[in-house]
Number of protein chains: 2
Amino acid sequence: MPTSPKKLITLSAFVRYWIVRMTTAAQSGHLTSSLSAVELMVALCFGGVLHYDVKRPRHPGNDHLIFSKGHASPLYYSLWAAAGAIPTEELLTFRSMTSRLEGHPSMRFPYTEAPTGSLGQGLSIGVGMALHAKYITHRPNRTYVLLGDSEMAEGSVWEAIQLAAHYKLNNLVGIIDVNRLGQRGETMYGHRVQAYQRRVAAFGWHTIVVDGHKLPRVVSALKRAARSTTKPVMIIAQTVKGKGIAMLENKNGWHGKALHPEQYEKIQDEIVDPGTVRGQMLAAWRVSKQSTSRKKSYQFPEVSTRMSVREAVGHALAERASQDASVIVLDAEVSNSTKMDIFKRAHPKRFFEMFIAEQNMVGTAVGLGRLGLRPVVSSFAAFLMRAADQIRMSQYAHAPLLYIGSHAGSSIGKDGASQMGLEDIALFRSLRDAVVLCPSDAYSARALVRLGLTHPGVVYIRSTRAETRTRYTRSDTFQIGGSRVRHRSSQDVATIITMGVTIDEAEAAYGELKANGIRVRVIDAYSIKPLDVRTIRRAARETKHLIIVEDHYPDGGLRDAVLQAITGMDVSTDHLCVGREPHSGSPAAVLQYEGIGKRAMIQTVTRKHA
Amino acid sequence: MPTSPKKLITLSAFVRYWIVRMTTAAQSGHLTSSLSAVELMVALCFGGVLHYDVKRPRHPGNDHLIFSKGHASPLYYSLWAAAGAIPTEELLTFRSMTSRLEGHPSMRFPYTEAPTGSLGQGLSIGVGMALHAKYITHRPNRTYVLLGDSEMAEGSVWEAIQLAAHYKLNNLVGIIDVNRLGQRGETMYGHRVQAYQRRVAAFGWHTIVVDGHKLPRVVSALKRAARSTTKPVMIIAQTVKGKGIAMLENKNGWHGKALHPEQYEKIQDEIVDPGTVRGQMLAAWRVSKQSTSRKKSYQFPEVSTRMSVREAVGHALAERASQDASVIVLDAEVSNSTKMDIFKRAHPKRFFEMFIAEQNMVGTAVGLGRLGLRPVVSSFAAFLMRAADQIRMSQYAHAPLLYIGSHAGSSIGKDGASQMGLEDIALFRSLRDAVVLCPSDAYSARALVRLGLTHPGVVYIRSTRAETRTRYTRSDTFQIGGSRVRHRSSQDVATIITMGVTIDEAEAAYGELKANGIRVRVIDAYSIKPLDVRTIRRAARETKHLIIVEDHYPDGGLRDAVLQAITGMDVSTDHLCVGREPHSGSPAAVLQYEGIGKRAMIQTVTRKHA
């Protein structure tokens, strides 16, 4: 039974009332940004549009609702109160330490689909969820994303818009709340809704312009949107910031502000407690249990002497996906270089080309990861930096996400500094509990990919371009927080700790030094975060001299991780790293220029121990 | 005298010949991506369009030419050879260790306007240069940006497009080389030039579609572009990747590849050595020496007991700009929060609103910085992450760039994790030679802003939301690589090393401990990179116990910097940092939850020294 127009008005009053109440109670929060979108969201949730089982927020037949304008959280939480999902009293805990209702929606609130609050990211998450329904599960679920007009200035939004059109995501509906005012004043286009309409339409979307406070019109726009057959749909709603409270309406200077108690008193007759009222959502879609697609068998090849880590990563992912149907790979138009084309050939339906738009790629992965898949995000290590903020936010998604950055380090050589990932370890180490791994050969790459695909959170694998010597076998074991001691003796005078391409150099240095009667320990610290503290400390104790070598800039990488492990120990350390601005050249020449090759290692050892 | 059509053809043959020669010699480089844009660039440089004094690459009357598709560097360098700027023999050093001609244009080559190679950034740099001519110097220089079709997928390009239209940059001309093929295959729109035309026009640009290999048509398009009065102009050129060599033309699989010597032999009759031929550019514009605008006086206020660092930063910038006309501030629609509105009110003509588009903001700053200004880039610390790749590239621009990230740390409290910059120190420390500063009160903020505005490279200042106690005076001295010892005695049992908002907490802890007869040293490590190693080492030696406290995630921040300073020393360390996923709450409650407040410091001291 459809909700009556009158009841929608009552529900809007309920939601508005509680938005004001909860922000006043918190003395904080985005009151006016919430008020502008009340009718938009009440129409969506209770106007016979959204399919959702309120009792089961993770039901696979639920539509998805993402607040890209996460600061409108008072509206978001009030909607769920109107749906009967949470008690109204809980709204009054908003923004307090013990509340699930944080300033911006976090995963602590069970209805949150994905964390938002850094603007311009929600539509990408929606793209991931819509891709999931359209291409993976073939289910009827729709994805709705509420966008602010200010955040339309973020390039990431246009990346999502273009990709959604490319993949014909007719199950994706964006709703722009054009309330004219950003944080510090008017947006670039103010109330010119046609400016948005023209741009979004040019990018291949179906667009509907609507008065965002007229409930029946919004309901009808949403129902029209649901009938789209090939295009994603953008509803562009003209609204009034602060709608419903005269002193706030369309006024600058109220962004992110709550009413003072005295102000609250004054507007009492504008908001009326509507008592208990419950909105009904449409029942969740009936979905059949997902048939596990028939798995294509894929074998990691036998590797004799050499293979690049990037190639091994491609094989390892393809192999793993033949055992685990949840593995899905996204790549940013570089699959021939990252070797994700190996995966693509093996599992074409589980590979999505994301073009050169890394930010949207990460957002899409968050959407897929939230729905139970194991997305793998692939580009050059240098270019994953492009999505650093999306990567930052992804740590709050509590989803499995495997990032693979190829062509890391100065060892790529000729392309020069712009293509070299030299801050990538620092970036991923800086995330609170990310895992950072760096394989040095084909078999360690295989093993680390497998570990990366079982970890529940964010994992980064640093992958490299050059072929490296095969040093491990299929049966060697690796673990998150582990390391491999490549060479050890009781006469070791120093320990070289490194990972990735420079293991080849370290082993060559080891050989030459040994021939000259000098023994060094060599540790493959393939797990940079967490680090194998025990093995490192033992080496420090036994050899008293650590030489940390990394194809990375001086700060934030392996050295910093090792120093944490050995604080307070009586040990001398040397650090060989990319200390000079890199120069185009052959990989060998660049390694020598930067002083991270075999020669530099030997010199560092012999300077002290010859 | 205009170049004859015939000579333009000869110049194109010259450029094409050398593109092939130099990539074959290097056995590396982007041959086909260079060949597609030969006529576009020959027409621009030698068709009577570009004003440029080849002998003086930094002449203020030169137009600007930026290769956003930096991988077309063989074309770029060959053009300068055709202009007589460099000898053709030098082209054969391409991509070698001793050459100025790197894989992607770097500042080692004197004609490079700004480093490119990470796609999608060049148009933003062009926006900066066009803003400079239109709004700062009021000069007739025009800025030309060559774009690849693949990179149009980057959201950052659309940020630049929207901002250029907003600021009516009719002196900015983009040229899209629509050669259909990206790196691993066809782009999203292939040869459908109308797809680009429609999108760019919807964003408010004047657009011209042209056959990119017809020299007279390209020349005429460029001349038409130069007549635009209010809109930036995009020339959308349909081209053939690999143009001029039949075996390469419009073929997939040739991206980033050079011809093998045998292949080179086979195409000998397709490329003919045209001998010595020189193209003429139009003379540089006659520009008068820039009149230094009359400086508005501005005084940093007297601060009695408390002020937030962000507010002090606003005053300090306004004061400094009243002495130095090169200071210019960009902010991403948060100036009321970052307090850049203080600057804006004082110097409205030196403030540019960049809206919520951080990537373009940084690229714009690079453009301004390259032309001799001192751009200041401002947003929340968390949201500067959005531009991490642009920030990464900016370290290669060899220009003064001051980044200010406000609302850093969990101490912002109620807004929650999405708004908290907790990886910002790690991000900026990871840049090879960036400076990272963090003031703790109004006067240190003033001093550090002044230092930041004299440094020749990248500087990051971490700014905070909360009011902090005033502990310094106007005459206290600060320096890059310095620190301030807040409390010291001969009985110190431990040293608290911290910076920013937690100095207030450390001083409170100091007071309480002292009252209980326990003396601790307190160091304000306001210069995180470089760190004041001597003072830290002395404290380690004298107190044997360092307690490092930072409102930042565990890795990549102050702790890692301190550990580098004290390697091998016999000292125990504790680290108090944001170790738990933050929660919305009052600042005091959040600091306590994370264990970085006064109480946690006192406990850490007394656990060992009570």
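It should be noted that the structure appears before, not after, this text.
Residues numbered from 1 in each chain as written. Chains lettered and ligands numbered in written order. Predicted model: local features only at pLDDT ≥ 70, side-chain atom pairs only at ≥ 80, totals over all residues. Heavy atoms only, no water.

S.K.: I'd like to hear about the overall build of chain A, residue by residue, with values.
M.R.: Helix and strand counts for chain A stand at 23 helices and 19 strands. Scaling as 2.2 N^0.38, a compact globule of 610 residues should have a C-alpha radius of gyration of about 25 Å, and chain A matches this with 27 Å. When its C-alpha atoms are laid out on the principal axes, chain A stretches across 90 × 55 × 40 Å. Among the 610 residues that make up chain A, the fraction classed as buried is 70%. Pairs at least 24 residues apart make up 79% of the contacts formed inside chain A by residues separated by at least 6 positions. Surface summary for chain A: the accessible area is close to 19,000 Å², and the carbon and sulfur share equals 49%. Taking the average location of the 77 positive side-chain charges in chain A and that of its 53 negative ones, the two points are 5 Å from each other. (Helix = DSSP H or I, 4+ residues; strand = E, 2+ residues; numbered from the N terminus. Rg over C-alpha atoms; globule rule 2.2 N^0.38 Å. Buried < 20%, exposed > 50% of the residue type's maximum accessible area, 1.4 Å probe, protein only. Contact = heavy atoms within 4.5 Å. Areas by Shrake-Rupley, 256 points an atom, 1.4 Å probe, with all protein chains shown as cover. Lys, Arg positive; Asp, Glu negative; His and termini not counted. Charge placed at Lys NZ, Arg CZ, Asp CG, Glu CD.)

S.K.: How would you sum up the interface of chain A and chain B? Please name residues and give values.
M.R.: Accessible area lost during the coming together of the parts is what is often quoted as the interface size. At the interface, 105 residues of chain A touch 105 residues of chain B. Across the chain A to chain B interface the summed buried area is about 8,600 Å²; carbon plus sulfur atoms make up 49%. On the surface where chain A and chain B come into contact, there are 16 salt bridges. Between Asp 560 of chain A and Arg 429 of chain B there is a salt bridge, and its shortest N-O distance comes to 3.2 Å. If you look at where chain A meets chain B, you find 70 residue pairs in polar contact (both at pLDDT 80 or more). When residues in the side of chain A that touches chain B are grouped by element, the largest group, six residues, is from helix 7 (residues 155–166) of chain A. Looking at side-chain class alone, the side of chain A that touches chain B contains 36 nonpolar, 41 polar and 28 charged residues. (Buried area = accessible area lost by both parts, 1.4 Å probe. Salt bridge = Lys/Arg side-chain N within 4 Å of Asp/Glu carboxyl O. Polar contact = N/O pair within 3.5 Å; in protein donor to acceptor, adjacent residues only side chain to side chain. Nonpolar A, V, L, I, M, F, W, Y, C, P; charged D, E, K, R; others polar.)

S.K.: Which residues make up the relation of the copies chain A and chain B, and what are the values?
M.R.: With an RMSD of 0.0 Å, chain A superimposes on chain B once it is rotated by 180° and translated 0.0 Å along the axis. These values place the two chain copies in the arrangement generated by a two-fold rotation axis. Of the C-alpha atoms belonging to chain A, the one lying closest to the rotation axis is found on Gly 155 of chain A, 1.8 Å away. The fraction of interface residues of chain A whose copies in chain B are also interface residues reaches 100%, indicating that both copies meet through the same surface. (Least-squares fit on C-alpha atoms with pLDDT ≥ 70 in both.)

S.K.: Let's hear about the packing of aromatic side chains: which residues, and what values?
M.R.: Counted by the stated rule, this structure contains 49 aromatic pairs over all chains. Taken together, a centroid distance of 4.9 Å and an interplanar angle of 55° make the contact between Tyr 52 of chain B and Trp 80 of chain B tilted. Here the residue Tyr 52 of chain B occupies a position in the loop between helix 3 (38–46) and strand 1 (64–67), and Trp 80 of chain B occupies one in helix 4 (residues 73–82), the gap between them amounting to 28 residues. Taken as a pair, Tyr 52 of chain B and Trp 80 of chain B share a single burial class, namely buried. Grouped by ring-pair contacts, the aromatic residues Tyr 52, Phe 67, Tyr 76, Tyr 77, Trp 80, Phe 94, Phe 109 and Tyr 111 of chain A constitute a single cluster. Stacked on the ring of Phe 203 of chain A, the Lys or Arg Arg 199 of chain B has its end atom at 5.1 Å from the ring centre. The ring of Tyr 472 of chain B has Arg 486 of chain B sitting right over it, with the charged end atom 5.0 Å from the ring centre. (Phe/Tyr/Trp six-rings, centres within 6.5 Å; stacked < 30°, edge-to-face > 60°. Lys NZ or Arg CZ within 6 Å of the ring centre and 35° of its normal.)

S.K.: Outline the environment of Val 605 of chain A, supporting the account with residue identities and numerical values.
M.R.: Residue and element names in this part refer to chain A. Mapping Val 605 onto the fold places it in helix 23 (residues 598–609). Taking the C-alpha atoms as reference points, Val 605 and Pro 232, 373 residues apart in sequence, are found 62 Å from one another. Other than its neighbours up to four places away in sequence, Val 605 contacts Val 493, Leu 513, Ile 518, Val 520, Ile 547 and Ala 610.

S.K.: Would you mind going over the sheet that holds strand 14 (residues 484–487) of chain A in detail, with residue names and values included?
M.R.: Either a parallel or an antiparallel arrangement is found when strands of a sheet pair, and the pairing is made through backbone hydrogen bonds. All names here are of chain A. The five strands are arranged 14-16-15-18-19 in an open sheet whose pairing can be described as mixed. This sheet does not close on itself; its edge strands, each paired only once, are strand 14 and strand 19 (572–576). Within the sheet, the average angular offset between the axes of one strand and its neighbour, ignoring direction, is 25°. Here helix 19 (residues 502–515) sits on the sheet and contacts strand 14, strand 15 (494–498), strand 16 (520–524) and strand 18 (545–549); the angle it forms with strand 16, its principal contact strand, is near 165°. (Pairing = 2+ DSSP bridges. Axes fitted to C-alpha atoms, helices over the stretch in contact; angles between N-to-C directions.)

S.K.: Could you give an account of the side chain of Asp 324 of chain A, naming the residues involved and the relevant values?
M.R.: Residue and element names in this part refer to chain A. Here Asp 324 lies in the loop between helix 11 (309–321) and strand 7 (327–331). A distance of 2.6 Å separates a polar atom in the side chain of Asp 324 from a polar atom in the side chain of Ser 326. Ignoring anything within four residues of it in the chain, the contact list for Asp 324 reads Arg 350 and Arg 374.

S.K.: Residue-level account of a positive patch on the surface, with values.
M.R.: On the surface, a cluster of positive charge is contributed by Lys 168 and Lys 231 of chain A together with Arg 192 and Arg 198 of chain B. Since its relative accessible area comes to 44%, Arg 198 of chain B is described here as partly exposed. (Patch = residues over 30% accessible without salt bridge, like charges linked within 9 Å, V, L, I, M, F, W, Y side chains within 5 Å.)

S.K.: Provide a residue-level description of unusual backbone geometry, including the pertinent values.
M.R.: Cis geometry marks the peptide bond from Lys 529 of chain A to Pro 530 of chain A; its omega dihedral reads -5°. The residue Pro 530 of chain A is located in the loop between strand 17 (527–529) and helix 20 (533–543) in this model.

S.K.: Residue-level account of the packing of helix 7 of chain A against helix 14 (residues 358–370) of chain A, with values.
M.R.: Residue and element names in this part refer to chain A. Taken N-terminus to C-terminus, the directions of helix 7 and helix 14 make an angle of 70°; their axes are 8 Å apart at the nearest point. Taken together, the axes of helix 7 and helix 14 lie roughly perpendicular to each other. Residues Ser 156, Glu 159, Ala 160 and Leu 163 of helix 7 touch helix 14, and the partners they reach there are Glu 358, Gln 359 and Asn 360. Of the residues contributing to the contact of helix 7 with helix 14, the split by class is two nonpolar, three polar and two charged. (Parallel < 35°, antiparallel > 145°, perpendicular 65-115°, else oblique.)

S.K.: Describe the side chain of Ser 406 of chain A, and please don't skip the residues or the numbers.
M.R.: All names here are of chain A. Position of Ser 406 relative to the elements: it lies in strand 10 (residues 401–406). Among the polar contacts made by the side chain of Ser 406, one reaches the side chain of His 407 at a distance of 2.8 Å. In contact with Ser 406, not counting residues within four places along its chain, are Thr 338, Ser 379, Phe 380, Ala 381 and Ser 463.

S.K.: Could you give me a rundown of helix 23 (residues 598–609) of chain B, with the residues and numbers involved?
M.R.: All names here are of chain B. A rise of 1.5 Å per residue sets the reference length of helix 23, with its 12 residues, at 16 Å; its end C-alpha atoms lie 16 Å apart and thus fit the reference within 8%. Among the residues making up helix 23, those that are buried are Ala 600, Met 601, Ile 602, Thr 604 and Val 605. Against strand 15 (494–498), helix 19 (502–515), strand 16 (520–524), strand 18 (545–549) and strand 19 (572–576) lie the buried residues of helix 23. (Expected span 1.5 Å × (residues − 1).)

S.K.: Tell me what's going on with the pairing of strand 9 (residues 374–380) of chain A, and back it up with residues and numbers.
M.R.: All names here are of chain A. With respect to burial, strand 9 is a largely interior element, seven of its seven residues being buried. In this sheet, strand 10 lies alongside strand 9 in parallel orientation, the contact comprising five bridges. Bridge pairing in strand 10 links Val 377 to Tyr 403.

S.K.: Go over the sheet that holds strand 16 of chain B with me, naming the residues and quoting the values.
M.R.: Residue and element names in this part refer to chain B. Reading across from one edge, 14-16-15-18-19 is the order of the five strands in this open sheet, with mixed pairing throughout. The outermost strands of the open sheet, each flanked by one partner alone, are strand 14 (484–487) and strand 19. Neighbour to neighbour, the strand axes of the sheet diverge by 25° on average, direction disregarded. Here five bridges tie strand 18 to strand 19, and the two strands are oriented parallel to one another. If you follow His 545 over to strand 19, its bridge partner there is Ser 572. Across the sheet, helix 20 (residues 533–543) lies against strand 14, strand 15, strand 16 and strand 18, angled at about 170° from strand 16, the strand it touches most. The sheet strands contacting helix 21 (residues 558–565) are strand 15, strand 18 and strand 19, and the helix crosses strand 18 at an angle near 155°.

S.K.: Describe the pattern of salt bridges, listing the residues and the values that go with them.
M.R.: Residues and elements named next belong to chain A. Under the counting rule described, the total for this entry stands at 72 salt bridges over all chains. A salt bridge links Glu 302 to Arg 474; the shortest N-O distance between them is 3.0 Å. Of the two residues, Glu 302 is situated in the loop between helix 10 (261–266) and strand 6 (306–308) and Arg 474 in the loop between strand 13 (467–469) and strand 14; the sequence distance between them amounts to 172 residues. A relative accessible area of 64% places Glu 302 in the exposed class. You can call Arg 474 partly exposed: its relative accessible area is 31%. Of the charged contacts in the structure, one is a salt bridge between Asp 424 and Arg 462, with a shortest N-O distance of 2.8 Å. Of this pair, Asp 424 sits in helix 17 (residues 424–430) while Arg 462 sits in strand 12 (residues 458–462); the two residues are 38 residues apart in sequence, bridging distant segments of the chain.

S.K.: Explain the environment of Gly 595 of chain B to me, using residue names and the numbers behind them.
M.R.: All names here are of chain B. When you line up the elements, Gly 595 lands in the loop between helix 22 (587–594) and helix 23. Spatially, the C-alpha atom of Gly 595 lies 27 Å from that of Glu 311, the residues being 284 residues apart in sequence. Apart from the residues lying within four places of it in its own chain, the contact partners of Gly 595 are Leu 576 and Ala 600.

Any functional reading would require information beyond the geometric quantities listed.
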